[in-house]
Amino acid sequence: MRYSSNLCTLLVGSFLIFFACKNTQVVSEPPILENAVTAPLEMVISNAPDSLMRAKERDLIGYRASRERKFDLIHTSLDLAFDYKNRFVKGTAELTLKPYFYDQQVLELDAKDFDIADVWRDDSGEMTPLSFRYDMKKVTIFLQNTYSAADTLRIGIRYTAKPEDTTETGSAAITDTKGAYFINPEGDEAKPVQIWTQGETEFNSKWFPTIDSPNERQTHDFKLRVPERFISVSNGELVDQVNHLDGTRTDHWVMDIPHAPYLSAFVVGDFAQIVDTWKGLPVNYYVEKEYAKGAETVFRNTPEMIGFFSSLLGVAYPWQKYDQVVVRDFVSGAMENTTVSIFMEGLNLDEREALDSEWDYIIAHELFHQWFGNLVTTESWSNLPLNEAFADYSEYLWFEYKFGRDRADIHHIDAMEQYFDESQEKQVDLIRYHYEDKEDMFDSHSYAKGGRILHMLRRMLGDEAFYASLNRYLTTHAYTSVEVHDLRLAFEEVTGKDLNWFFNQWFLASGHPILEITVDASGPGNQLLTVRQKQDLSATPLYRLPIKVAVYKHGKREEKTYWMEEGVQQFVIENSAQADLILVDEYSELLAKKETNRGMEKLLSQFNHAKSGVSRLEALDSLTSLHVDAREWKDVILQGLGDTFHEVRGLALSRISQVMAEEEVDIQMETILVRLAHEDPNNEVRGAAISLLGTLNGQEHLPLITAMVAEPSYVVAGAALTALMDLEDESVPKRGVFEQLEGETNIRMVVPLADYLTQVQDSTQSAWFHEKLDRLTRESLYYFVGYYGDYFAAVTGTEKETAIEKLLALARSHPANYIRLTAFQSIFGFIDEANILEALVKIHKNETDELVRNYQQFFLEPYLEQN
């Protein structure tokens, strides 16, 4: 193990110190005691409680400390030009710094994979060359003199950054580490030419020298020399533009409010700018020009979000402007760079696609970071949830405000399930001072679990105390870095409560409660609630929990809170005698796995009475999973179809075919389905109703289905087109439908058309399939690849060889791991073709993503065993 030599040095050093303390004379060997038996050092060590010592040594060695601040980085000036052909950034940097506290003679900067030409100190215009040492990760600069905290230095560096030269790996959240990305730099691909940056965690030092740590803060100005036809977007304000004779232009961006280096960014490309404002604050959206009208819809809620969050927190948006830019091939979902968030291309929607946009959650997430992450920044990646948990919870806050609590609660449940899914393989402290790689922090603990913890804290303290505490936290620590105890102290100062217990069990420990819940109504009086904690206490806390109990009785709802502070605890539920319904944690506020035993009668009561939409949804889900006579379901399904929460209506639609035979769907229910298809305010419900009508009685509803193909919403139109193309009715002019719609590019329309062409064995459409494959991106491409492979594998006389090459290219080098994997899997449709197995083996050998490699190995094994 790599710790072995360090361990021996540590222990030998300890023994020397021990004996030196016992003896005033200098000795070359330990003294030999009379009648004592000497033993080798290894045997002495082995007599200690070895496993405990090793564990404590690992804790000491593996502790992830915040980076020591030897210098205070005050300002960075960059003058940058771009070599598109070689994908280089050519830069001159001038950094203004001061020693933080102790005197310094050496400056160490992060600078990954540079060619450094020279380094100098600027002494009031006199440039003094400085010696330096460079290991391709850090540049160590020898300052020639000793400087104190009273001194200010200006250090210049001329360099060429080579972002493509990288050996670091990314994370699930941030899949690459180049820092600066040249997209289609030579213009020979079917995508726009762009450059954009991605600094988190410590990758901005791939394109400029800096102290690349979240506990550092700097102002900066960037001069970006770009082709005249492009625009640039960066932090802060654009203060000047200078055109040059060679067809380039220098844009000068000034960020005069300090922020962490990883939040510095720029984008260069051919974009449409959509101008918006909030109380005079510039709010702009940048997308490819063909998506300009769609962007007006996708981002239209941004000003309202800024106002909502500013009011909620009592802290106005703290920066000069807010830009949002959609780029190609982004390595994350989005990134909250200060004043300029960058988004993946999934937000590139045309005007029609934007009608079904569901991107508010990610827009809210990145915007909330402008307060939590940018205004107040985690001091180390160990404290990452102080950034990400808040951003995750902002999604709930926005949905609750804009669309109501039920909509927010289903988002909350989805996030909780993300964490529970991850917890089956991984349970770690939320705030982690021990991890293998900082990228490991970007997981469902930091995001989903962290957001759920904040939700519990809010519901426990109440809204007034929660938001007052956040205001205290933000105003006290504005433009500084923080750790988790700063958050706790803010809450304690506002509420007067000791909250160590809450932060200890949720932020500083791993796992979650597993609760066995029973309600005994067998007695004549009040009902008895028993709650048992069943989690593994050797690795998980025994939790102190507020148990909220809702009592529904005589048309009224009362809620009471009981505090659980033992492993098993019983509570007499007040006023619960002859109650219609008792619900424990009705809104699923507790981050806990709950085990209950409810029969059909209790579930029906829950479905009939519960105020919470997610509670009614849970009841309907459980009810329709019971094996009872289908005749029992009609009233339940009808009630679900009329529910005020669209998720309940959608679930009721999806369960009709599971719990009822086609002949049991009578005219009353069919009439309701038609009404939902026409009028439901939720397009997903409309689409589901159309799909069901097509399955149940497609010929009868052919006019409706045909008309719905032209609906503005792609969700509705796609469902109608699928239903139409699936009808086994020769009177349906499917060829004409294809010819009318073959130019569609939305995946909801493309898939039923592709499936139709494969079913009718139309060998003349190779070019159509190739064009769609080249045009589609991200999730749409993922869904299409299987249909693409099926067509060329199943239909003779097609351009199979071209298709195979395209799939191999995707499997080899597409930047998204899920695209590489689905392309790899699709190639097995051609496994009997010459050299295909060898090509797949080679792709597997060169794959760097461990998860993808594992799946590839699984797909390959049966064929390798045969050979």
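Preceding this section is the structure that the text describes.
Reading the values: rules and limits
Residues numbered from 1 in each chain as written. Predicted model: local features only at pLDDT ≥ 70, side-chain atom pairs only at ≥ 80, totals over all residues. Heavy atoms only, no water. Helix = DSSP H or I, 4+ residues; strand = E, 2+ residues; numbered from the N terminus. Contact = heavy atoms within 4.5 Å. Areas by Shrake-Rupley, 256 points an atom, 1.4 Å probe, with all protein chains shown as cover. Expected span 1.5 Å × (residues − 1). Buried < 20%, exposed > 50% of the residue type's maximum accessible area, 1.4 Å probe, protein only. Arc of directions from axis to C-beta. Pairing = 2+ DSSP bridges. Axes fitted to C-alpha atoms, helices over the stretch in contact; angles between N-to-C directions. Patch = residues over 30% accessible without salt bridge, like charges linked within 9 Å, V, L, I, M, F, W, Y side chains within 5 Å. Salt bridge = Lys/Arg side-chain N within 4 Å of Asp/Glu carboxyl O. Lys, Arg positive; Asp, Glu negative; His and termini not counted. Charge placed at Lys NZ, Arg CZ, Asp CG, Glu CD.

J.: What's the story with the overall build of the chain in this structure? I'm lost.
T.: On a plain count of helices and strands, the chain comes out with 28 helices and 29 strands. Structurally, the chain occupies a C-alpha span of about 100 × 80 × 70 Å along its principal axes. Excluding contacts between residues fewer than 6 apart, the proportion of contacts in the chain whose partners are at least 24 apart in sequence is 67%. Carbon and sulfur atoms make up 49% of the accessible area of the chain, which amounts to about 39,200 Å² in all.

J.: What is the right way to look at helix α25 (residues 800-813) in this model?
T.: Note that an α-helix has 3.6 residues per turn; residues three or four places apart therefore point the same way. Across its 14 residues, α25 extends 20 Å between first and last C-alpha, which sits within 8% of the 20 Å expected from 1.5 Å per residue. For α25, the complete set of buried residues consists of A803, I804, L807, L808, L810 and A811. Projected down its long axis, α25 shows its buried positions confined to an angular sector of 160 degrees, all on one face. In α25, the exposed positions that point more than 90 degrees away from the buried face belong to E801 and S813. The inward-facing, buried residues of α25 abut α23 (766-775), α24 (778-794), α26 (817-826) and α27 (836-846).

J.: Mind showing me how you'd approach the sheet that holds strand β6 (residues 132-134) here?
T.: Strands in a sheet are paired, the pairing made by backbone hydrogen bonds, and the direction either parallel or antiparallel. Strand order in this open sheet of three strands is β3-β7-β6, and the pairing throughout is antiparallel. If you trace the sheet from one side to the other, it starts and ends with β3 (104-110) and β6, each paired once. Averaged over neighbouring strand pairs, the angle between their axes works out to 20 degrees when direction is ignored.

J.: Where do I start with a negative patch on the surface in this structure?
T.: A grouping of D414, E417, D421 and E425 is seen on the molecular surface, where their side chains present a negatively charged patch. By the element assignment, E417 lies in helix α8 (residues 405-423).

J.: Just to check I follow, could you spell out unusual backbone geometry for this structure?
T.: Negative phi is the rule for most residues except glycine; trans is the rule for most peptide bonds. In this chain, E200 is followed by T201 through a cis amide linkage whose omega measures 5 degrees. Even without glycine at this site, D113 takes up a positive phi of about 60 degrees. Look at D113 and you get buried, because its relative accessible area is 12%.

J.: Would you explain the sheet that holds strand β28 (residues 581-584) in this entry?
T.: Spatial strand order, β26-β25-β28: three strands in an open sheet with antiparallel pairing. Pairing within the sheet leaves two strands with one partner each, and these edge strands are β26 (556-564) and β28. Strand after strand, the sheet turns through a mean of 20 degrees between neighbouring axes, direction not considered. Relative to β26, strand β25 (residues 545-553) is paired through nine bridges, and the arrangement is antiparallel. Looking at the pairing, K548 lines up with T561 of β26.

J.: Where do I start with the pairing of strand β17 (residues 281-287) in this structure?
T.: Successive residues of a regular strand alternate their side chains across the two faces of the sheet. Burial within β17 is extensive, with six of its seven residues counted as buried. The sheet contact formed by strand β16 (residues 272-278) and β17 spans seven bridges and is antiparallel. Residue pairing for β17: V275 is matched across the bridge by N284. Between β16 and β17, which pair antiparallel one after the other, the connecting turn spans two residues, and K279 there sits at a positive phi close to 50 degrees. Both β17 and strand β18 (residues 322-326) contribute to a ladder of four bridges, which runs parallel. Looking at the pairing, Y286 lines up with V325 of β18.

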